[in-house]
Amino acid sequence: MEDGNRKTLTPHKRRVRYKGTHPRSYQERYKEHQPEKYGATIERVISKGSTPAGMHISICVDEILDFLQIRPDQKGLDCTLGYGGHCRRMLECLEGRGHIYALDVDPLESAKTGARLAGLGFGPEILTIRQMNFADIDQVAAEAGAFDFILADLGVSSMQIDNPERGFSYKYEGPLDLRMNPQKGITAAQRLKSISQEELEGMLLENADEPYADRIAAGLVKAIRRGEPVDTTIQVRDLIWKALAFLPEADQKEAVKKSCARVFQALRIDINHEFEALYSLLEKLPDALAPGGRVAILTFHSGEDRLVKRSFKEYYRAGLYSQIATDVIRPSAQECARNTRAKSAKLRWAVRES
């Protein structure tokens, strides 16, 4: 801008560049954030079994589509829009005729996904996105009517896990947040400051089957009471290391890695009220499905899978479902090799009574 005879120039800010051939930080992986521009880089990352930064690779897509049997002119619901991979494939099955409603509690990622799908030709005439929790599926069904097909992918999106600012992973330094909607509710750090040792131990057991729940809960709560900062992902990871220092040195690294993953999972489930939301979804599903409608649910840990399995069985015995999956469906070995995050996935399905 110009001020009299003087010119004030806005300084140019250079983009963060790769340091060498193997960028480590989320910000340095700028190529991975632009799949439309750096397709070769994206494919190279995926071929190594990794997920590119800022992306999410959908799991069991073919198995889900085989079951849902989507046809043009049908109406569907994607309970967990995420990066939009499943939704895109379901939209393609409609061949331009029909409609899909998609839900997501994350305002940051759902806006990006909506823009991405609109750019592919899936606008409001065929896709409606709502920022809401799938626990309120009855509200969507009241607006749209019963659905011919419903999908719920209960996994956390890779975009959330990999972004250190969201605090979902112990692998990166960041604020201990873990909220699906960063504009609402308390953070995991705030939750820890108000929790008792007994309550935390119970949370770790119930939400993650953590074998060292007593020691980890004691270590975290004592540190907080001593006034130690427990506000970042790395601070929590370090306290877990200390709590498991009694283990043989040869076993410590692997044990800490697994316990960190379970602790972060337990905290995420707690502050986002994930089990409560799943209970609500499962209870309301039959009424949200049209006669003969199909539902597929993808889970990623045993607690979720148990709830889905039990609910499907109960409603099958009650005559609300005419068919349910007798065996869990898992991703193929080839898919797990290409996407390591698929290894824990389990798919179950049910068909509404006609």
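This is a predicted model, so every value here is computed, not measured. (Residues numbered from 1 in each chain as written. Predicted model: local features only at pLDDT ≥ 70, side-chain atom pairs only at ≥ 80, totals over all residues. Heavy atoms only, no water.)

Peer 1: In this structure, what is going on with the overall build of the chain? I would like to understand it.
Peer 2: When its secondary structure is counted, the chain shows 14 helices and 9 strands. By the burial criterion, 52% of the 354 residues in the chain qualify as buried. Summarising the internal contacts of the chain: among those between residues at least 6 apart in sequence, 69% fall at separations of at least 24. When the accessible area of the chain is evaluated, it comes to approximately 18000 Å², of which 49% is carbon and sulfur surface. (Helix = DSSP H or I, 4+ residues; strand = E, 2+ residues; numbered from the N terminus. Buried < 20%, exposed > 50% of the residue type's maximum accessible area, 1.4 Å probe, protein only. Contact = heavy atoms within 4.5 Å. Areas by Shrake-Rupley, 256 points an atom, 1.4 Å probe, with all protein chains shown as cover.)

Peer 1: Would you take a moment to explain a positive patch on the surface for this structure?
Peer 2: Judged by side-chain charge, Lys171, Lys253, Lys257 and Lys258 come together as a positively charged surface patch. Mapped onto the secondary structure, Lys171 falls in the loop between helix 6 (158-162) and helix 7 (188-193). (Patch = residues over 30% accessible without salt bridge, like charges linked within 9 Å, V, L, I, M, F, W, Y side chains within 5 Å. Salt bridge = Lys/Arg side-chain N within 4 Å of Asp/Glu carboxyl O. Lys, Arg positive; Asp, Glu negative; His and termini not counted. Charge placed at Lys NZ, Arg CZ, Asp CG, Glu CD.)

Peer 1: Mind showing me how you'd approach the packing of aromatic side chains here?
Peer 2: Each aromatic ring pair is specified by the distance between its two centres and by the angle formed by the two planes. The full count for this structure, using the stated rule, is 6 aromatic pairs. Each ring, one from Tyr212 and one from Phe246, has its centre 5.8 Å from the other, and the planes form 75°; the classification is edge-to-face. Of this pair, Tyr212 sits in the loop between helix 8 (197-208) and helix 9 (213-225) while Phe246 sits in the loop between helix 10 (233-243) and helix 11 (249-271), and the two are 34 residues apart along the sequence. Members of the aromatic cluster, connected to one another through ring pairs, are Phe312, Tyr315 and Tyr321. In this structure, Arg116 packs its charged tip against the face of Tyr83, placed 3.8 Å from the ring centre. (Phe/Tyr/Trp six-rings, centres within 6.5 Å; stacked < 30°, edge-to-face > 60°. Lys NZ or Arg CZ within 6 Å of the ring centre and 35° of its normal.)

Peer 1: Please explain the side chain of Gln252 as it appears in this structure.
Peer 2: Assignment of secondary structure puts Gln252 in helix 11. Of the polar contacts made by the side chain of Gln252, one reaches the backbone oxygen of Ala245; its length is 3.1 Å. Non-local contacts of Gln252, meaning those with residues more than four positions away in its chain, are made with Trp241, Leu244, Ala245 and Leu247. (Polar contact = N/O pair within 3.5 Å; in protein donor to acceptor, adjacent residues only side chain to side chain.)

Peer 1: For this particular structure, what's the right way to read the side chain of Lys346?
Peer 2: In this structure, Lys346 sits in strand 9 (residues 346-352). We classify Lys346 as buried; its relative accessible area is 19%.

Peer 1: Looking at this structure, I do not really get helix 10. What am I missing?
Peer 2: What sets the pattern is the α-helix's 3.6 residues per turn: residues three or four places apart point alike. When helix 10 is considered as a whole, its buried residues turn out to be Thr233, Ile234, Val236, Leu239, Ile240 and Ala243. On the buried face of helix 10, the contacting elements are helix 7, helix 9 and helix 11.

Peer 1: Explain helix 8 here, please?
Peer 2: Here helix 8 contains 12 residues, and its C-alpha end-to-end distance of 16 Å stays within 8% of the 16 Å for a straight helix at 1.5 Å per residue. By the burial criterion, the buried members of helix 8 are Leu200, Met203, Leu204, Asn207 and Ala208. One side of helix 8 carries all its buried residues, which in axial view fall inside an arc of 95°. Residues of helix 8 that are exposed and point over 90 degrees away from its buried face: Glu198 and Glu206. (Expected span 1.5 Å × (residues − 1). Arc of directions from axis to C-beta.)

Peer 1: Mind showing me how you'd approach unusual backbone geometry here?
Peer 2: Excluding glycine, residues mostly carry a negative phi; peptide bonds, for their part, are mostly trans. Despite not being glycine, Gln69 has its phi angle at roughly 50°, a positive value. Structurally, Gln69 can be placed in the loop between helix 2 (61-68) and strand 3 (74-78).

Peer 1: Can you help me understand the pattern of salt bridges in this one?
Peer 2: Close approach of charged atoms lets side chains of opposite charge pair. Inspection of the entire model under this criterion finds 19 salt bridges. Among the ionic pairs, Lys346 bridges to Asp305, the shortest N-O distance being 3.9 Å. Note that Lys346 is positioned in strand 9 and Asp305 in helix 13 (residues 302-317), a separation of 41 residues in sequence. Each member of the pair, Lys346 as well as Asp305, carries the same accessibility label: buried.

Peer 1: Could you clarify how one ought to interpret the nonpolar core in this entry?
Peer 2: Within soluble globular proteins, side chains that are nonpolar generally end up buried alongside one another. With 36 residues, the main nonpolar core has Leu176, Leu178, Leu192, Leu200, Ile216, Val236 and Ile240 as its most contacted residues. Breaking this core down by element, the ones donating at least two residues are helix 7, helix 8, helix 9, helix 10 and helix 11. Element by element, the count of residues in this core is highest for helix 11, at 8 residues. Dropping the residues within four chain positions of it, Leu192 is found in contact with Leu176, Leu200, Ile224, Val230, Val236 and Leu267. The next biggest cluster of nonpolar side chains, apart from the first, holds 33 residues, and it includes Met132, Ala135, Ile269 and Leu282. (Core = buried A, V, L, I, M, F, W, Y, C linked by side-chain atoms within 4.5 Å.)

Peer 1: I would appreciate a short explanation of the sheet that holds strand 7 (residues 289-299) in the present structure.
Peer 2: In a beta sheet, neighbouring strands pair by backbone hydrogen bonds and run either parallel or antiparallel. With respect to topology, 7 strands assemble into an open sheet ordered 5-4-3-6-7-9-8, the strand pairing being mixed. Looking along the sheet, the strands with just one partner apiece sit at the ends: strand 5 (127-130) and strand 8 (321-324). Direction aside, the axes of adjacent strands within the sheet are offset by 15° on average. With 3 bridges joining them, strand 3 and strand 6 (residues 147-153) adopt parallel strand pairing. When the bridges of strand 6 are listed, Leu77 appears paired with Ile150. Across the face of the sheet, helix 3 (residues 85-94) comes into contact with strand 3, strand 4 (98-103), strand 5, strand 6 and strand 7 while running at roughly 170° to strand 4. (Pairing = 2+ DSSP bridges. Axes fitted to C-alpha atoms, helices over the stretch in contact; angles between N-to-C directions.)

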